[in-house]
Amino acid sequence: MHGSVAWWFVVLCGGAALVVEGATVCTDRPVIGIIAQASSSKRHGDTFIPANYIKYLEQAGARVVPIRVRQTQQYYEQLFSKINGVLFPGGHVSIVSSDYSKTARIIYDLAVKANSEGEVFPLWGSCEGFQLMTYLSTGHRLLHSSEAYNVSLPLILQTGYETSRMLGGLTSQLTTILTSENVTPNFHHYGVSVETYNKSASLRHFFRVLSTNRDNKGKLFVSTAEAYKYPFYGTQWHPEKINFEWNPSLAINHGANGVLVSQYFANFFVNEARRSCHQFPSDREAGHLLIEKFFMNYWDGGSFKQIYYFNFTQPEGSHLVG
Ligand SMILES: *[C@@H]1O[C@H](CO)[C@@H](O)[C@H](O)[C@H]1NC(C)=O
Ligand SMILES: *[C@@H]1O[C@H](CO)[C@@H](O)[C@H](O)[C@H]1NC(C)=O
Ligand SMILES: *[C@@H]1O[C@H](CO)[C@@H](O)[C@H](O)[C@H]1NC(C)=O
């Protein structure tokens, strides 16, 4: 489907007229890549992706392909030309030197180039994925200790959030939920503090802060941000956990309002991906790379109940279903 729907509308805001560019839909079959990262135990596979990220995107109408680490530039360029966005998941590997980070650097550079040339190619980072984006965009590791592990918080929205792309579509009901209920799950020991953000000119010029939160020590950290120039988005919290992680010992809000929050952010990002015109030459070719071709493992305990493992250093296809 290549019929474009473009619209512009004028919003009157405090007397000033702002021209907001509307969405241009390029595909209703978006495919989003998720980078696999090294697993701590190689027993099940050398890399993994928690299923929650996959289901999160699927709930908004996207399909998902895992992105392998340690591949050639050609592999990444070819895959990039076919997919409509990439999600950088959270995790526990180095944001500077890991295979995950090196792969993210290649994707990030391709995305910057594509967007600079007038294409739309969105990126999303959750938790460490967001931290990684702050490193990729500034070249500096700007993290500090930020203890907010296993706690769900209401967002402290920043002035003007309603003129952002990411939060501009919030209804008053969702705004109330987001700012008054414990709906955003945090599971981090590091973060980008507001103090660091204020001091880093490169980060300030790249990312606009849409919300902050206080860690266990009362220190403010950046909790939601979007890039000024590119369709790049980040949350220090985990919208993908809300509807898809069920360990009862985790502080995740499974109420109806939490569900709406997860769906809002998934819908937003997948809509951004619908604006990307990349496509697979055939649905059959997409099918060969989709996550559906891989086995999922289920555990009763732990942070993740469902995990996809891969042996991505082994020849492609050796671990496929069927
Ligand atoms: C990866 O390889 C290891 C060791 O050979 C094996 O035990 C594991 O089942 C493999 N995982 C997958 C997902 O194929
Ligand atoms: C960061 O900068 C903003 C805007 O100048 C200021 O209002 C805020 O107090 C600063 N916060 C910190 C923690 O430095
Ligand atoms: C996480 O937080 C919940 C709610 O505060 C608490 O009941 C649970 O024990 C905590 N779990 C862990 C693993 O710390």
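Here the structure is a predicted model, which means the values were calculated and not measured.

Definitions and cut-offs
- Residues numbered from 1 in each chain as written.
- Chains lettered and ligands numbered in written order.
- Predicted model: local features only at pLDDT ≥ 70, side-chain atom pairs only at ≥ 80, totals over all residues.
- Heavy atoms only, no water.
- Near = heavy atom within 4 Å.
- Polar contact = N/O pair within 3.5 Å; in protein donor to acceptor, adjacent residues only side chain to side chain.
- Areas by Shrake-Rupley, 256 points an atom, 1.4 Å probe, with all protein chains shown as cover.
- Pairing = 2+ DSSP bridges.
- Helix = DSSP H or I, 4+ residues; strand = E, 2+ residues; numbered from the N terminus.
- Buried < 20%, exposed > 50% of the residue type's maximum accessible area, 1.4 Å probe, protein only.
- Arc of directions from axis to C-beta.
- Contact = heavy atoms within 4.5 Å.
- 1 Å grid on protein atoms, 1.4 Å probe; cavity = no way out; pocket = protein on both sides within 12 Å on 5 of 7 lines; lining within 4 Å.
- Points joined across faces, edges and corners; volume = space filled by probe spheres on them.
- Nonpolar A, V, L, I, M, F, W, Y, C, P; charged D, E, K, R; others polar.
- Salt bridge = Lys/Arg side-chain N within 4 Å of Asp/Glu carboxyl O.

Asks: How should I be thinking about the site of ligand 3 in this particular structure?
Replies: In the neighbourhood of ligand 3, the contacting residues comprise Asn-150, Ser-249 and Ala-251. Between ligand 3 and the protein, one listed contact pairs a nitrogen atom with a backbone N or O atom of Ser-249 at 2.6 Å. In isolation ligand 3 has 360 Å² of accessible area, and contact with the protein removes 34% of it.

Asks: I keep staring at the sheet that holds strand E8 (residues 123-126) and nothing clicks. Help me out?
Replies: Across a sheet, strands are paired by hydrogen bonds formed along the backbone, either parallel or antiparallel in direction. Ordered in space as E6-E3-E7-E8-E14-E13-E12-E10, the eight strands form an open sheet in which the pairing is mixed. Each edge of the open sheet is held by one strand with a lone partner, namely strand E6 (63-67) and strand E10 (156-157). Across three bridges, the pairing between strand E7 (residues 85-88) and E8 is parallel. When the bridges of E8 are listed, Phe-88 appears paired with Gly-125.

Asks: Would you mind going over helix H5 (residues 172-180) with me for this structure?
Replies: Three- or four-residue spacings in an α-helix give side chains the same orientation, since the helix completes a turn every 3.6 residues. Residues of H5 that are buried include every one of Leu-174, Thr-175, Ile-177 and Leu-178, and no others. All buried residues of H5 fall inside an arc of 165° around its axis, so they share one side. The secondary structure elements touched by the buried residues of H5 are E10, strand E11 (184-191) and helix H9 (256-274).

Asks: What is the right way to read the layout of surface pockets from this model?
Replies: Rolled over the atoms, a probe sized like a water molecule indicates the empty space that remains. Empty space within the second largest pocket amounts to approximately 660 Å³. Lining the second largest pocket are 31 residues; nearest its centre among them are Gln-37, Gly-90, Gly-91, His-92 and Val-93. Counting only elements with at least two residues in the lining of the second largest pocket, the list comes to strand E4 (37-38), strand E5 (47-50), helix H4 (128-138) and E11. At four residues, E11 tops the list of elements feeding residues into the lining of the second largest pocket. By residue class, the composition of the lining of the second largest pocket is 14 nonpolar, 14 polar and three charged.

Asks: I keep staring at empty space enclosed by the protein and nothing clicks. Help me out?
Replies: Using the criterion set out here, one finds two cavities of 30 Å³ or more in the structure. Roughly 40 Å³ of internal volume is contained in the largest cavity. His-144, Ser-145, Ser-146, Gly-191, Val-192, Ser-193, Asp-215, Lys-219, Leu-220 and Phe-221 are the residues that line the largest cavity. Elements supplying a minimum of two residues to the lining of the largest cavity: strand E9 (144-153) and strand E13 (220-227). Element by element, the count of residues in the lining of the largest cavity is highest for E9, at three residues. Taken together, the residues that form the lining of the largest cavity break down as three nonpolar, five polar and two charged. Forming the boundary of the second largest cavity are Phe-130, Thr-134, Val-192, Tyr-197, Leu-203, Phe-207, Val-209, Val-222 and Ala-225. Secondary-structure elements contributing two or more residues to the lining of the second largest cavity are H4, strand E12 (207-214) and E13. Tallied by class, residues from the lining of the second largest cavity come to eight nonpolar, one polar and no charged.

Asks: I'm lost on the pattern of salt bridges in this one. Help?
Replies: Any two side chains of opposite charge can pair, on the condition that their charged atoms come close. On inspection of all chains with the given rule, the structure shows 10 salt bridges. Between Lys-219 and Glu-195 there is a salt bridge, with the nearest N and O atoms lying 3.7 Å from each other. Of the two residues, Lys-219 is situated in the loop between E12 and E13 and Glu-195 in helix H6 (residues 194-199); the sequence distance between them amounts to 24 residues. We classify Lys-219 as partly exposed; its relative accessible area is 36%. The class of Glu-195 is partly exposed, set by a relative accessible area of 44%. Among the ionic pairs, Glu-272 bridges to Arg-275, the shortest N-O distance being 3.0 Å. Across this residue pair, the class does not change: Glu-272 and Arg-275 are buried. What you see here is one network of salt bridges that share partners, running through Arg-29, Arg-63 and Asp-283.

Any functional reading would require information beyond the geometric quantities listed.
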